[in-house]
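Chain by chain, the residues run as shown.
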2 protein chains.
Amino acid sequence: MAARRPRPAASAEAVRPVSMADLARELGVSMTTISRALSDHHSIGPSTKQAVLKLAKKLNYQPNHLAAALRKGRSKLLGVMVPYIEGRFFASVVHGIETAASRAGYSVIMCQSNEDVAQERRNIETLLSAQVAGILVSVSRTTLDFRHFEKVRKQGVPLVFFDRVLEGENINSVVLNDQQGAFLATRHLLAQGCRSIAHLAGPQHLNIYKNRRQGYLDALSSSDITPNESLIVECDMSVEGGQTAMAQLLTLPNPPNAVFSAGDSAALGALQLLKSRGVRVPQDVALVGFSNEALTLVAEPNITSVDQRCEEMGQAAFRLFTELVEAGNAPISQRQVVLQPQLFERASSLLGVTDKSPEANPAA
Amino acid sequence: MAARRPRPAASAEAVRPVSMADLARELGVSMTTISRALSDHHSIGPSTKQAVLKLAKKLNYQPNHLAAALRKGRSKLLGVMVPYIEGRFFASVVHGIETAASRAGYSVIMCQSNEDVAQERRNIETLLSAQVAGILVSVSRTTLDFRHFEKVRKQGVPLVFFDRVLEGENINSVVLNDQQGAFLATRHLLAQGCRSIAHLAGPQHLNIYKNRRQGYLDALSSSDITPNESLIVECDMSVEGGQTAMAQLLTLPNPPNAVFSAGDSAALGALQLLKSRGVRVPQDVALVGFSNEALTLVAEPNITSVDQRCEEMGQAAFRLFTELVEAGNAPISQRQVVLQPQLFERASSLLGVTDKSPEANPAA
DNA sequence: TTGTACGCGTTATCAC
DNA sequence: GTGATAACGCGTACAA
C-alpha cells in the first residue's frame, strides 16, 4: 500500500460506479463468470458464485441497466402516459401501476399529454427512444385516431389502454363498466322509492358519459319507466355546470325527486343549489354522483357515489402488460378487462336514514 | 425493385427501429457523418446535413437514448421520488416537475417510497442503476439519516430535496416557508379582531408542523399576546383528530374565538364539530386551515387556508437541478430555495363578510 | 465449469 | 468537411 498521499482535492471528482469488469479484475476471473454469478445462471460453481456475490456487496457493485437493456434490446422501463397527473383519478391509477410495476422490477417513466395530441405524439416518440418494455396510456381528449400508436405495435412494444379508449380497433384495454355503474346508481334511487329521476349528463362525445347515460336509461326501463327527455340535462360536469343544470330542472312543471349526476362535481353544484333554494336533500330530492371523489365525504349531506376502482385499474393495466410480455405480445392480441364499479351509499340518497355514518358502505 | 413476394406472415415479427447505421448505409456515408448531422455539429456540410435529416424523416429514424446514454455515461432521465403520489400535494409537485422536465428534454422516472426507508433505499439503487441525470426526492417519514444518499453524491449525481428535508446537512433543497405561512394565517385572524386564537398543531417531530407552530407564536407575540398553552392542542391532523381537538377546546372556561389549524383536514373536523354544537363560523369562532386543499372550497363556509405553491415547488426543484448540472454539480454546493406561501381568505374567517365568493383571493 | 470474442447503437478522438 | 476506430457495460453463442 502506498504511503499517505496528499488527499485528492477533497474528492471533488465524481466516482465511477463499480462495474462487472472491476469485479472480474479484482477476483481474477472473466466477466462471463461475473455475469453468470450475478444472474444466477446454472453453469456456475457455488463457491465462485459466493465469492462473486460477496465481493459485489463489498465493493458496492452497481449494475448498469442501460448497458443490459442495450444488449438485450429492451429495458425494464415502463412508459405510462396520462392526460394529467393532478386529480384523484389518474394519480390513483398511476399509484396502482407504479406499485405493481415496482414489485415486478420495472421502473415507471411517467408523462403527461396535457390533453394535447401533439404532446401525446412526442411522448410516444420519447418513450420508444427510451426503449421501454411497454406503454400504458390513457389517451388525451383531443386524440381522434391511432396513427401515432401504429409505430408502437410495429416495433412489438406491448401497448395497453386504460380508462380512455378509442373504439373500433384491435387493442388491449382496461376500462370501467360505466354503464353498469350508472345502472347501479339509478337502481339505487329507484329502490329508495324515487320515480322521477333526472340525469345530469356529461359531454356525449365522450364514451364514459355516453355509457353512463345509457346505464341510467337501462335502469329506468328495467322498472318500466319511460325516460323523460326534459329530465336529462347535459352539462360540462363542473360545479357551476351542476348548479345551472339543477336550476333548470327546478323550473319544470314537475321537478324530479331524485338526481343522478354523471360526475361528483356537478352533483356538488346541484346540492349547493338545492340547499340555497331550501330544497331538502335527500327528503325532497335524493342525489347520487359518480367517481367517489373526496368531496363526497366533505359535502353535507355526504354524497352517494359510484367508485371507479382507480387503483385496481392501475393494477389490472400492469397485469395485462405482463400477460402480453409472456405471450410474446402476439400482434393480433385483443384483450379487454372490464372492471365492475361499486356504489357507496351515503346520506344524500338514503331516505329514512339521514345521518348515516360516513364510513364506506359498498352495495352489492 | 424485387417482384411481389408472398407477404411475410402478416408482419407478425417485431420490426427493429431504424438506426444511424441504416441511414449511413442508405446514404453511402459514414456513421460519423450521420451523428454529426443529427446533433448539429459544426463541421458538417449543409447539403449533406439536409440530406441526412431528410432521409431520417423519410425512414422514420428513431434515436436510441440508451445507447447515447451508455456512451456519454449519463442519460436524459430524471429520478423523482415521493412518499406517495396520491393526494393533491405531491401530485401537483410532480406535475410541476414533469412539465418543466419534459420541456427541457428530460423524461421522469417516478417512484414512491410509501413512507418506508427500505423502499427509499431500493429506489435510490434503481435510479442510480438507470444512470439518471439527477434525483429529486421528498424523503419518507421514516427516514432519519442520509446514508443511502451518500452514494448519490459520491457518483456526482445532482441531488435535490423538496418539501420534506432532513436538517443539518449540506444539501440542495426547495421548501415552503411554513413558519411564514402560519404567521400570515394567524396575523389575518388578529386583523379580524380575534384575540383568543387556538392552534391545532401537528406532530411536533415533523419540521413542517414545528415551523407552523412557531409562526403562530410569532404572530401572537408581534401583537403582544402571551401564548396560552391550553389553547395549543396537538393532534394527528385527521378529520377526526380535528373534531376531538376542537371538542377539547370548547370545554375550556374561556373558549377561543378563533382557530388556526396546521392542516385542512383537521380544520374541517373542527368546523364539523363547531356546527354540530351550534357554534357559528366565523361569527363565534373564526377558522383558518393550511394547505389549500380542494375541500376548503367544498366545506360550508369555505375555509380560509394557506396555499403551499405545489406546482411552483416542482418547477423550482427542477430548476435547481438544472443549475446544478450547469455548475458541474460542485460537490460542496448547498442551495436553499424557500417559497413564500400565500393566504387565501374565505368565509370561514371573514367577519362581516359571511358570503364571500369562493373565488381565490390572494392576500398580501 | 470457465473463458474468448463479438455485438448492441451511439459518440469522442483522431487522422485525412 | 469527412471517415475509420475505439470505447461505454453487459450478455451470449461458441470454444476450451
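Everything discussed here concerns the structure shown above.
Along each chain, residue indices are assigned from 1 in the same order as the chain's sequence is written. Think of it this way: whatever chain is written first is A, whatever ligand is written first is 1, and the rest follow in order. Given that the model is predicted, a residue must reach a pLDDT of at least 70 before its local features are reported, and side-chain atom pairs must reach 80 or more before they are shown or counted; all residues, however, enter totals for whole chains, interfaces and linings. Side-chain numbers here rest on the full set of heavy atoms in the structure, without hydrogens or water.

## What about the sheet that holds strand S7 (residues 232-234) of chain B?
All names here are of chain B.
And step 1. Taken together, 6 strands build an open sheet; the order of strands is S7-S6-S8-S9-S10-S12 and the sheet is mixed. Bordering the open sheet on either side are S7 and strand S12 (342-344), each of which pairs with just one other strand. With strand direction ignored, the average angle separating the axes of adjacent strands in the sheet is 20°.
And step 2. Two strands pair if DSSP finds at least two bridges between them. The secondary structure listing takes helices from DSSP runs of H or I that are at least 4 residues long and strands from runs of E that are at least 2 residues long, numbered from the N terminus. The pairing of strand S10 (residues 304-307) with S12 spans 3 bridges and is antiparallel. The residue bridging valine 306 from the neighbouring strand is leucine 343, located in S12.
And step 3. Here a residue-residue contact requires only that any non-hydrogen atoms of the pair lie within 4.5 Å. Fitted lines through C-alpha atoms serve as axes, helices being fitted only where they are in contact, and the angles separating the N-to-C directions of these axes extend from 0 to 180 degrees. Strand contacts of helix H8 (residues 178-191): strand S6 (197-201), strand S8 (258-261), strand S9 (286-291), S10 and S12, with the helix running at about 165° to S9, the strand carrying the most contacts.
And step 4. Against the sheet, helix H9 (residues 207-222) touches S6, S7, S8 and S9, its axis set at about 170° to S6.

## So, empty space enclosed by the protein
And step 1. Here a cavity denotes a set of grid points, spaced 1 Å apart and computed over the protein atoms alone, in which a 1.4 Å probe fits but from which it cannot get out, and a pocket denotes an open set meeting protein on both sides within 12 Å along at least five of seven lines; residues with an atom within 4 Å of a point are reported as lining. Grid points are joined across faces, edges and corners, and a volume is the space filled by probe spheres set on the points. Enumeration over the complete set of coordinates arrives at 1 cavity of 30 Å³ or more.
And step 2. If you add up the space inside the largest cavity, you get close to 40 Å³.
And step 3. As for the largest cavity, its lining consists of Leu268(A), Val298(A), Ala299(A), Glu300(A), Val298(B), Ala299(B) and Glu300(B).
And step 4. For this classification, Asp, Glu, Lys and Arg are treated as charged, while Ala, Val, Leu, Ile, Met, Phe, Trp, Tyr, Cys and Pro are nonpolar and the rest, including Gly, are polar. Split by residue class, the lining of the largest cavity holds 5 nonpolar, no polar and 2 charged.

## Focus: the protein's contact with DNA strand C
And step 1. In the vicinity of DNA strand C, 24 residues are found, and the nearest of them are Thr32(A), Thr33(A), Arg71(A), Met31(B) and Arg71(B).
And step 2. The criterion for a residue being near a molecule or strand is simple. One of its heavy atoms has to lie within 4 Å of it. Each atom of DNA strand C within 4 Å of the protein was classed as base or backbone; sugar and phosphate made up 54%.
And step 3. Any N or O atom pair separated by 3.5 Å or less is treated as a polar contact, with the protein-specific requirement of one donor-capable and one acceptor-capable atom, and with residues adjacent in sequence counted only for side-chain atom pairs. In the environment of DNA strand C, a phosphate oxygen lies 3.1 Å from a nitrogen or oxygen atom belonging to the backbone of Ser30(A).
And step 4. Ala67(B) places a main-chain nitrogen or oxygen 3.5 Å from a base nitrogen of DNA strand C.
And step 5. Where the surface near DNA strand C is concerned, the elements lending two or more residues are helix H2 (31-38) and helix H4 (65-72) of chain A together with helix H2 (31-38) and helix H4 (65-72) of chain B.

## Focus: the pairing of S10(B)
The side chains of a regular strand alternate between the sheet's two faces.
And step 1. The sheet contact formed by S9(B) and S10(B) spans 4 bridges and is parallel. Pairing of Ser291(B) across the sheet is with Asp307(B), part of S10(B).

## Here we look at the packing of H2(A) against helix H3 (residues 46-59) of chain A
Residue and element names in this part refer to chain A.
And step 1. Two elements in contact, H2 and H3, have axes whose closest approach is 9 Å; the angle formed by their N-to-C orientations is 85°. Viewed along their axes, H2 and H3 adopt a mutual orientation that is roughly perpendicular. From H2, Ile34, Ala37 and Leu38 reach across to H3, where they touch Lys49, Val52, Leu53 and Ala56.
And step 2. Residues of the contact of H2 with H3, tallied by class, amount to 6 nonpolar, no polar and 1 charged. If an angle is under 35 degrees, it is roughly parallel; if it is over 145, roughly antiparallel; if it lies from 65 to 115, roughly perpendicular; otherwise it is oblique.

## Some points on the side chain of Ser129(B)
And step 1. Looking at where Ser129(B) falls in the secondary structure, it is placed in helix H6 (residues 117-129).
And step 2. Only protein chains enter the accessibility calculation, which uses a 1.4 Å probe; a residue whose area is less than 20% of its type maximum is buried, one above 50% is exposed, and one in between is partly exposed. Note on Ser129(B): relative accessible area 4%, which makes it buried.
And step 3. In this structure, Ser129(B) is in contact with Gln62(A), Pro63(A), Asn64(A), His65(A) and Leu66(A), ignoring residues within four places of it in sequence.

## A word on the state of the cysteines
And step 1. Criterion for a disulfide: a pair of cysteine sulfur atoms at a distance within 2.5 Å. Tallied over the full model, the rule gives 0 disulfides over all chains.
And step 2. Considering cysteine sulfurs only, Cys111(B) is the nearest to Cys111(A), which forms no disulfide, with 15 Å between them.
And step 3. Cys111(B) sits in the buried class, given a relative accessible area of 6%.

## Let's talk about the relation of the copies chain A and chain B
What relates the two chain copies is a rotation about an axis together with a slide along it.
And step 1. Each copy of the sequence occupies a distinct position, and chain A is placed on chain B by a rotation of 180° and an axial shift of 0.0 Å, giving an RMSD of 0.1 Å. Taken together, the rotation and translation describe the operation of a two-fold axis. For chain A, the residue whose C-alpha comes nearest the rotation axis is Ile109(A), separated from it by 2.2 Å.
And step 2. Mapped onto chain B, 100% of the interface residues of chain A are again interface residues, and the two copies thus contact each other with one and the same surface. A least-squares fit on C-alpha atoms brings the copies together, and the residues used are those whose pLDDT is at least 70 in both copies.

## Examining the interface of chain A and chain B
And step 1. In this assembly, 51 residues from chain A lie in contact with 51 residues from chain B.
And step 2. Both faces combined, the contact of chain A with chain B buries some 4,400 Å², and carbon together with sulfur accounts for 54% of it.
And step 3. Looking only at chain A, the three residues that lose the most surface to chain B are Gln62(A), Leu66(A) and Val298(A), adding up to 15% of its buried area.
And step 4. In what follows, salt bridge is the name for a side-chain nitrogen of Lys or Arg lying within 4 Å of a carboxyl oxygen of Asp or Glu. Note that Lys275(A) is salt-bridged to Glu300(B), the shortest N-O span being 2.9 Å.
And step 5. Residue assignment for the side of chain A that touches chain B shows that the elements contributing at least two residues are H4, helix H5 (88-103), strand S2 (107-112), helix H6 (117-129), helix H7 (147-154) and helix H11 (264-276) of chain A.
And step 6. By residue number, the principal contributor to the side of chain A that touches chain B is H5(A), which donates 7 residues.
And step 7. Split by residue class, the side of chain A that touches chain B holds 24 nonpolar, 19 polar and 8 charged.
And step 8. In the sheet, S2(A) pairs with strand S2 (residues 107-112) of chain B via 3 bridges, with the strands oriented antiparallel. Note on definitions: buried area is the accessible-area loss of two parts on being combined, 1.4 Å probe, summed for both.

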